[in-house]
Amino acid sequence: MIAIRNLFLIGMLLGAFSLYAQEEEEVPFFRIEKHPYYVQTDTLTGETEEIPFKYFLDQWVIENYRYPQEALEKKIEGRVIVTLRIDKEGHLSIKEVKGRNPLLEEEACRIFDGFPQLSPGLVRGKPVNVVYNYPIIFRIIP
């Protein structure tokens with residue numbers, strides 16, 4: 001009987017540690033129950049609208065994308081994968097950048113300067129850290 005009780009207590013402790021670790025780790029985007037989103041407020045009416053993260057991110061990149069002049073001159077093209085992290089408060093940061101050219105990597109990072117705060121992703125109703133891989137293609141169009 002004592003052995004069963006001890007095993008039960010050990011199981012409870014291990015379960016508690018794994019839940020704590022799960023709350024602190026980063027959750028892949030596809031495992032989120034409610035994805036991060038941007039809240040846009042109409043300045044005239046005060047009405048708010050939830051804009052899905054992926055749509056808002058695409059629009060942000062389109063508006064802020066600039067081909068680096070030096071890369072244009074050297075005819076450098078390529079793809080850069082930017083690993084983004086949205087924390088529990090909705091702040092976006094760059095976790096990792098993978099590309100074949102530093103000029104393109106630098107521009108990929110610059111695109112996200114000034115990115116506004118989001119509403120965080122939720123799992124079981126609680127905010128979580130979310131990780132999202134975003135590819136940026138640099139192609140020279142003649």
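Quantities reported herein were computed from a predicted structural model and do not represent experimental measurements. (Residues numbered from 1 in each chain as written. Predicted model: local features only at pLDDT ≥ 70, side-chain atom pairs only at ≥ 80, totals over all residues. Heavy atoms only, no water.)

(A) A look at the overall build of the protein chain. On a plain count of helices and strands, the protein chain comes out with four helices and seven strands. Written out in order from the N terminus, the α and β elements of the protein chain read α-β-β-β-α-α-β-β-α-β-β. Residue burial in the protein chain is summarised as follows: out of 142 residues, 30% are buried. Long-range pairs, those at least 24 residues apart, make up 74% of the contacts in the protein chain between residues at least 6 apart in sequence. Carbon and sulfur atoms make up 56% of the accessible area of the protein chain, which amounts to about 9,900 Å² in all. (Helix = DSSP H or I, 4+ residues; strand = E, 2+ residues; numbered from the N terminus. Buried < 20%, exposed > 50% of the residue type's maximum accessible area, 1.4 Å probe, protein only. Contact = heavy atoms within 4.5 Å. Areas by Shrake-Rupley, 256 points an atom, 1.4 Å probe, with all protein chains shown as cover.)

(B) Representation of the pairing of strand E7 (residues 126–138). In this sheet, E7 lies alongside strand E1 (residues 26–28) in parallel orientation, the contact comprising three bridges. In the sheet register, Pro 28 faces E7, and the bridge partner there is Val 131. Relative to E7, strand E4 (residues 78–86) runs antiparallel, the two sharing nine bridges. Note that in E7 the partner of Arg 85 across the bridge is Val 131. Sheet analysis places strand E6 (residues 121–123) next to E7, joined by three bridges and oriented antiparallel. Residue Gly 121 lies in a different strand from E7, and its bridge partner there is Val 128. Hairpin connection from E6 to E7: two residues lie between these consecutive antiparallel strands, with Arg 124 at a positive phi of about 55°. (Pairing = 2+ DSSP bridges.)

(C) Molecular detail of the nonpolar core. Formed by 30 residues in total, the largest nonpolar core has its most connected members in Phe 53, Leu 57, Leu 84, Phe 112, Phe 115, Tyr 134 and Ile 136. Mapped by element, the contributors of at least two residues to this core are helix H2 (53–64), E4, helix H4 (102–110) and E7. The dominant element in this core, judged by the number of residues it contributes, is E7, at six residues. Look past the residues within four positions of Leu 57 in its chain and what remains in contact with it is Leu 84, Phe 112, Phe 115, Tyr 132 and Tyr 134. (Core = buried A, V, L, I, M, F, W, Y, C linked by side-chain atoms within 4.5 Å.)

(D) Structural view of the packing of aromatic side chains. Tallied over the entire structure, the rule returns 12 aromatic pairs. On the basis of an interplanar angle of 35° and a centroid distance of 6.3 Å, the ring pair of Phe 56 and Trp 60 is categorised as tilted. One end of the pair is Phe 56 and the other is Trp 60, both in helix H2 and four residues apart, which spans about a single turn. Each member of the pair Phe 56 and Trp 60 is classed as buried. One aromatic cluster in this structure is built from Phe 29, Tyr 38, Phe 53, Phe 56, Trp 60, Phe 112, Phe 115, Tyr 132 and Tyr 134. (Phe/Tyr/Trp six-rings, centres within 6.5 Å; stacked < 30°, edge-to-face > 60°.)

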